[in-house]
Amino acid sequence: MGKAIVITSGKGGVGKTTSTANIGIALALMGKRVCMVDMDIGLRNLDVILGLDNRIMYNIVDVARGRVHLRQALVKDKRFDDLLYLLPAAESTDKTALSPQDVKKIVDELKPNFDYVFIDCPAGIEQGFMDSVAGADEAIIVTTPEISAVRDADRVIGLLEEHPLKEAPKLIINRIRPNMIAEGDIMDFDGITEHLGIDLLGIVFDDDAVISTSNHGEPIVLNADNPASQGYRNIARRLEGQTVPLMKLDSPIKPSMWRRIGLFFKRIF
């Protein structure tokens, strides 16, 4: 029986869908069977990042409504033998087309056939969030080192406490810019994890190549030498129970004491 993991954040634009695609592919490269479920009803994007947008015939709403069997709606990524599949979101309907019960039933049907089922949660904390969480055993929170993103992540963590997940949520800090952390312009890892109170699963460096490769349907994780790719691959290894040290920041410079104090009060107020 596989794990169902919802990838969420509350705030849009922090990289949930990109993280879902890259972590899923990293696990497939390790020989794991992975299914990604796109829950962003009406705004489908995961298929584009995976390069599967031209192969979609059916979607999760078709399955929920009984118009097709689940296996008919799954899109196979031929680059990874029989290891990676996508269940697309519906592009031409609204977010009320699914219920939490629909999603749980579909995910429960997927889990016996996959090692991991990743549920790509839409932005916000409304219907799409509730539907996505209903099918999950575990949760990964994605944030960036920005006050607004961390605040939204904190709100999501509070909401997840109302759901009976099997494990405590884990954190990914995305779009890391070492020079800005060194100068104290953005929150550092310790500040974020202390504020959110959850374990850090991994970090991913900011890199323009992440966007360009996603636009071409060739996620960055396929480039083993890229630092962002290494971040996603390390996250996949940790999900598999491996002990992997955090990647080091490029710059050894640390902000001055007064800079740290100013940033501390900025976070509070």
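- Per an unreviewed UniProt entry, the chain goes by the name Septum site-determining protein MinD and belongs to Acetilactobacillus jinshanensis.
- Here the chain is described in UniProt, under the heading Function (unreviewed entry), as follows: "ATPase required for the correct placement of the division site. Cell division inhibitors MinC and MinD act in concert to form an inhibitor capable of blocking formation of the polar Z ring septums. Rapidly oscillates between the poles of the cell to destabilize FtsZ filaments that have formed before they mature into polar Z rings."
- Checking UniProt for the chain, the heading Sequence similarities (unreviewed entry) contains the comment "Belongs to the ParA family. MinD subfamily."

### Brief notes about the state of the cysteines
A covalent bond between the sulfur atoms of two cysteines is what we call a disulfide.
Logical step 1: Under the defined criterion, the tally for this structure stands at 0 disulfides.
Logical step 2: Cys 35 takes part in no disulfide bond, and the closest cysteine sulfur, belonging to Cys 121, lies 16 Å away.
Logical step 3: With relative accessibility at 0%, the residue Cys 35 sits in the buried group.

### Topic: the pattern of salt bridges
Side-chain pairs of opposite charge can arise where the charged atoms are in close proximity.
Logical step 1: Inspection of the entire model under this criterion finds 14 salt bridges.
Logical step 2: Asp 137 is the salt-bridge partner of Lys 111, the closest N and O atoms lying 3.1 Å from each other. Remark: Asp 137 occurs in the loop between α6 (127-134) and β6 (138-143) and Lys 111 occurs in the loop between α5 (100-110) and β5 (116-120); sequence separation between them is 26 residues.
Logical step 3: Using a relative accessible area of 8% as the deciding quantity, one classes Lys 111 as buried.
Logical step 4: One salt-bridge network, in which partners are shared between bridges, spans Arg 44, Asp 47 and Glu 91.

### Let's talk about the sheet that holds strand β2 (residues 34-38)
Logical step 1: The 8 strands lie next to each other as β3-β4-β2-β5-β1-β6-β7-β8, forming an open sheet whose pairing is mixed. Single-partner strands in this sheet number two, and they are β3 (75-76) and β8 (199-205).
Logical step 2: Bridging between β2 and β5 involves 5 bridges; their strand directions are parallel. Residue Val 34 lies in a different strand from β5, and its bridge partner there is Tyr 116.
Logical step 3: Against the sheet, helix α7 (residues 147-160) touches β1 (3-8) and β6, its axis set at about 165 degrees to β6.
Logical step 4: Strands in contact with helix α9 (residues 189-196) are β6, β7 (170-176) and β8; relative to β7, the strand with the most contacts, it is inclined by about 145 degrees.

What counts and how
- Residues numbered from 1 in each chain as written.
- Predicted model: local features only at pLDDT ≥ 70, side-chain atom pairs only at ≥ 80, totals over all residues.
- Heavy atoms only, no water.
- UniProt positions renumbered as here; feature names shortened; annotations may be inferred.
- Disulfide = S-S within 2.5 Å.
- Buried < 20%, exposed > 50% of the residue type's maximum accessible area, 1.4 Å probe, protein only.
- Salt bridge = Lys/Arg side-chain N within 4 Å of Asp/Glu carboxyl O.
- Helix = DSSP H or I, 4+ residues; strand = E, 2+ residues; numbered from the N terminus.
- Pairing = 2+ DSSP bridges.
- Contact = heavy atoms within 4.5 Å.
- Axes fitted to C-alpha atoms, helices over the stretch in contact; angles between N-to-C directions.

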